[in-house]
Amino acid sequence: MAARAEIFKALGHPARLTMVAAMGEGERCVCELRERVGLDMSTVSKHLSVLHAAGLVERDRRGKQIFYSLRLPCTLGFLECVDRALKERER
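Quick caveat: nothing in here was measured; it's all calculated off a predicted structure.

## Here we look at the state of the cysteines
(1) Moving on: Tallied over the full model, the rule gives one disulfide.
(2) Moving on: Paired through a disulfide, Cys-29 and Cys-31 show a sulfur-sulfur distance of 2.4 Å. Disulfide Cys-29 to Cys-31: torsion about the S-S bond roughly -70 degrees, handedness left-handed.
(3) Moving on: Classification of Cys-29 as buried rests on a relative accessible area of 6%.

## Focus: helix α2 (residues 14-24)
(1) Moving on: Taken together, the buried positions of α2 are occupied by Ala-15, Arg-16, Met-19, Val-20, Ala-22 and Met-23. Looking straight down α2, one finds its buried side chains confined to an arc of 160 degrees; they lie on one side.
(2) Moving on: Trailing α2 by a residue or two, Gly-26 shows a phi angle of about 140 degrees, which is positive.

## A few points about the nonpolar core
(1) Moving on: Met-19, Met-23, Leu-33, Leu-48 and Leu-51 are the most contacted members of the largest nonpolar core, which totals 19 residues.
(2) Moving on: Of all the elements in the fold, those that place two or more residues in this core are α2, α3 (30-37), α4 (41-53) and β3 (65-70).
(3) Moving on: Leave out the neighbours within four places in its chain, and Met-23 touches Arg-28, Leu-33, Leu-48, Leu-51, Val-57, Tyr-68, Ser-69 and Leu-70.

## Section: the packing of aromatic side chains
(1) Moving on: The tally for this structure, following the rule as stated, stands at one aromatic pair.
(2) Moving on: Its guanidinium or amino end placed over the ring of Phe-67, Arg-62 lies 4.3 Å from that ring's centre, counting from NZ or CZ.

## Here's the deal with the pairing of strand β2 (residues 57-62)
(1) Moving on: When β2 meets β3, the two strands line up antiparallel, connected through six bridges. Counterpart to Arg-59 in the pairing with β3 is Tyr-68.
(2) Moving on: Following β2, the chain reverses through two residues before pairing antiparallel with β3; Gly-63 in that reversal takes a positive phi of roughly 65 degrees.

## Points about the pairing of β3
(1) Moving on: Where strand β1 (residues 28-29) meets β3, two bridges bridge the pair, whose relative direction is antiparallel. Note that in β3 the partner of Arg-28 across the bridge is Tyr-68.

## Describing the packing of α2 against α3
(1) Moving on: Across the interface, α2 lies against α3 with an axial gap of 10 Å and an inter-helix angle of 125 degrees. Classified by the angle their axes make, α2 and α3 are oblique. Along this stretch, α2 crosses α3, giving a crossing that reads as right-handed. Residues Ala-15, Thr-18, Met-19, Ala-22 and Met-23 of α2 pack against Leu-33, Arg-36 and Val-37 of α3.
(2) Moving on: Among the residues forming the contact of α2 with α3, the class breakdown is six nonpolar, one polar and one charged.

## Describing the environment of Val-37
(1) Moving on: Within the secondary structure layout, Val-37 lies in helix α3.
(2) Moving on: Sequence separation between Val-37 and Leu-79 is 42 residues; the distance between their C-alpha atoms is 18 Å.

About the thresholds
- Residues numbered from 1 in each chain as written.
- Predicted model: local features only at pLDDT ≥ 70, side-chain atom pairs only at ≥ 80, totals over all residues.
- Heavy atoms only, no water.
- Disulfide = S-S within 2.5 Å.
- Buried < 20%, exposed > 50% of the residue type's maximum accessible area, 1.4 Å probe, protein only.
- Helix = DSSP H or I, 4+ residues; strand = E, 2+ residues; numbered from the N terminus.
- Arc of directions from axis to C-beta.
- Core = buried A, V, L, I, M, F, W, Y, C linked by side-chain atoms within 4.5 Å.
- Contact = heavy atoms within 4.5 Å.
- Phe/Tyr/Trp six-rings, centres within 6.5 Å; stacked < 30°, edge-to-face > 60°.
- Lys NZ or Arg CZ within 6 Å of the ring centre and 35° of its normal.
- Pairing = 2+ DSSP bridges.
- Axes fitted to C-alpha atoms, helices over the stretch in contact; angles between N-to-C directions.
- Parallel < 35°, antiparallel > 145°, perpendicular 65-115°, else oblique.
- Left-handed = near helix turned anticlockwise from the far one by under 90°.
- Nonpolar A, V, L, I, M, F, W, Y, C, P; charged D, E, K, R; others polar.

Have a look at this one:
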């Protein structure tokens, strides 16, 4: 249960959810993710470290750039489920 809680905790920030959604469209470099969330590079790196530590994403260094991709693509299905529930709640 503690490991599950760690994953949910990692998803518990709007910027990290935005980055996960972006990676759901495909691999992204840190610079793309920074533009997507509109935060400074050090803050984005910290958020990515949280996602990586929880096992949600993997990284691939290519020269000076680091690319991130979803390690658990099923996360997207969960987020879609949450979105459906939120829409139902609005009715």
